Amino acid sequence: MATAKKPAVRNGFKTNEHIVYPAHGVGQIVAVEEQEIAGMKLELYVIVFEKDKMTLRVPMAKAEQVGMRKLAEDDTVDKALEIIKGRARVKRTMWSRRAQEYEAKINSGDLVAISEVVRDLHRASSQPEQSYSERQLYEAALDRMAREISAVSRITETEAIRRIEDSLNKSPKRIAARGDTAEDVADESEDEAEAA
């Protein structure tokens with residue numbers, strides 16, 4: 001099993017570039033290797049998922065097929081943050097079916113779909129408690145969203161989570177639940193801008 005490093009750019013992906021792998025979230029391509037498996041030479045992206053302490057080798061020919069993609073653009077991040085300000089859209093179906101749909105959205109690797117899960121499963125402190133499985137799905141979606149926003153915006157994951165939570169708290173429904181007026185929220189935004 002011979003391993004050799006290849007030039008930096010291959011099929012549009014570069015060594016040291018952050019990418020999104022649908023089932024695992026944000027990872028970094030650390031190398032491109034060539035391996036011989038069953039008499040066939042395969043070129044593989046070596047992707048490290050630092051937070052999960054995991055390394056994945058993806059054949060170059062399969063990268064697009066499995067949904068591996070570059071990080072979202074800034075306008076996609078803005079769209080995702082705008083989506084979570086919206087009203088939760090919860091279907092009136094059994095929880096098991098909704099849970100499967102949420103899981104599929106999280107594993108799609110699509111930032112906009114993941115933001116819909118965050119929006120739909122977020123609970124304000126004034127709302128009823130979540131079930132364990134709801135909480136698990138919410139935290140998985142929040143984690144995936146925060147990791148990508150963190151990588152795109154070059155901020156820490158903690159700052160990304162704070163940015164997401166700020167957007168969640170600016171939802172008209174949540175503002176009404178707190179009893180704030182539009183002016184209170186505008187004052188809050190001005191205070192944040194001055195502090196920055």
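Now for a look at the structure at hand. Residue indices begin from 1 for each chain and proceed along its sequence in written order. Only residues with pLDDT of 70 or above have their local features reported here, since the model is predicted, and side-chain atom pairs are shown and tallied only from 80 upward, although totals for entire chains, interfaces and linings are computed over all residues. As a convention, hydrogens and water are excluded, and side-chain values are obtained from all of the structure's heavy atoms.

Pairing between strands is defined by DSSP: at least two bridges between the two strands are required. Helix and strand definitions here come from DSSP, where helices need a minimum of 4 consecutive H or I residues and strands a minimum of 2 consecutive E residues; each element is numbered from the N-terminal end. Both strand β4 (residues 25-37) and strand β5 (residues 40-49) contribute to a ladder of nine bridges, which runs antiparallel. From the neighbouring strand, Gln35 faces β5, where its bridge partner is Leu42. Here β5 hands over to strand β6 (residues 54-59) after four residues, with Lys53 in that stretch at a positive phi of 50°.

On to the packing of helix α2 (residues 95-108) against helix α4 (residues 132-153), then. Fitted lines through C-alpha atoms give the axes, limited to the stretch in contact for helices. The angle between two N-to-C directions lies from 0 to 180 degrees. Contact geometry of α2 with α4 gives a least axis separation of 10 Å together with a crossing angle of 15°. In terms of their interaxial angle, α2 and α4 are classed as roughly parallel. In the crossing of α2 with α4, the sense of the turn from one axis to the other is left-handed. Facing Trp95, Ala99, Tyr102, Glu103, Ile106 and Asn107 of α2, the residues of α4 in contact are Ser133, Glu134, Leu137, Ala140, Ala141 and Arg144. Looking at side-chain class alone, the contact of α2 with α4 contains seven nonpolar, two polar and three charged residues. Angle categories are assigned with fixed cut-offs, so that under 35 degrees is roughly parallel, over 145 is roughly antiparallel, 65 to 115 is roughly perpendicular, and the rest are oblique. Here a crossing is called left-handed whenever its near helix is offset anticlockwise from the far helix by less than a right angle, and right-handed whenever the offset is clockwise. The contact criterion used is simple: two residues touch if any of their non-hydrogen atoms lie within 4.5 Å. Amino acids are sorted into nonpolar (Ala, Val, Leu, Ile, Met, Phe, Trp, Tyr, Cys and Pro), charged (Asp, Glu, Lys and Arg) and polar (every other residue, Gly among them).

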